[in-house]
Amino acid sequence: MLSDRKKIYLACGATDLRKNIDALSALVRESFKLDPYSDTMFVFCNKSRDIIKILEWDGDGFWLHMKKIEHGRFNWPDTAGETATMDLTHLELEILIGSTRLRSKLKRKIILQPNIA
């Protein structure tokens, strides 16, 4: 999925994730004025920030990747406009996808005891 050659666009704000592949690709084309058939990944998040979908064209068909987290929320940029996009690096996408795991690890109290021999 995370090919270093692909561009990544994040759809700022909330997206109705009941949309299927056809509706999301139409959103990319009509609202963002981008080509859903390009070598690009488009990342969407719902209003409650607990589900993301990634639309990706692989040359002969679309992939729709989805992640729903059970606890917490994704850190997602809010904007006033529904057509705002942000380009991401691959590292930023990986951090975004894994940010809830990091937050849960930071909430735990971990005390390291030195080895005393």
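Heads up: the structure comes first, above all this text.
Procedures and definitions
Residues numbered from 1 in each chain as written. Predicted model: local features only at pLDDT ≥ 70, side-chain atom pairs only at ≥ 80, totals over all residues. Heavy atoms only, no water. Buried < 20%, exposed > 50% of the residue type's maximum accessible area, 1.4 Å probe, protein only. Helix = DSSP H or I, 4+ residues; strand = E, 2+ residues; numbered from the N terminus. Contact = heavy atoms within 4.5 Å. Polar contact = N/O pair within 3.5 Å; in protein donor to acceptor, adjacent residues only side chain to side chain. Phe/Tyr/Trp six-rings, centres within 6.5 Å; stacked < 30°, edge-to-face > 60°.

### A word on helix 1 (residues 21–30)
Moving on, step 1. Within helix 1, the full set of buried residues consists of Leu24, Ser25, Ala26, Leu27 and Val28.
Moving on, step 2. On its buried face, helix 1 sits against strand 2 (40–45), strand 3 (51–57) and strand 4 (62–68).
Moving on, step 3. Where helix 1 begins, the capping side chain belongs to Asn20, and its oxygen is found 3.2 Å from the backbone nitrogen of Asp22.

### A few points about unusual backbone geometry
Moving on, step 1. One non-glycine residue with positive phi stands out, namely Lys33, at about 55°.
Moving on, step 2. Looking at the secondary structure, you find Lys33 in the loop between helix 1 and strand 2.
Moving on, step 3. For Lys33, a relative accessible area of 66% translates into the label exposed.
Moving on, step 4. Positive phi outside glycine occurs at Arg49, with the angle close to 65°.
Moving on, step 5. Looking at the element boundaries, Arg49 is found in the loop between strand 2 and strand 3.
Moving on, step 6. Judged by its relative accessible area of 5%, Arg49 falls in the buried class.

### What about the packing of aromatic side chains?
Moving on, step 1. Counting across every chain of the model gives 5 aromatic pairs.
Moving on, step 2. With a centroid separation of 6.1 Å and an interplanar angle of 15°, the aromatic rings of Tyr9 and Phe42 are classed as stacked. You can see Tyr9 sitting in strand 1 (residues 7–11) and its partner Phe42 sitting in strand 2, a full 33 residues away along the chain. Each member of the pair Tyr9 and Phe42 is classed as buried.
Moving on, step 3. Chaining the aromatic ring pairs together yields one cluster made of Tyr37, Trp57 and Phe62.

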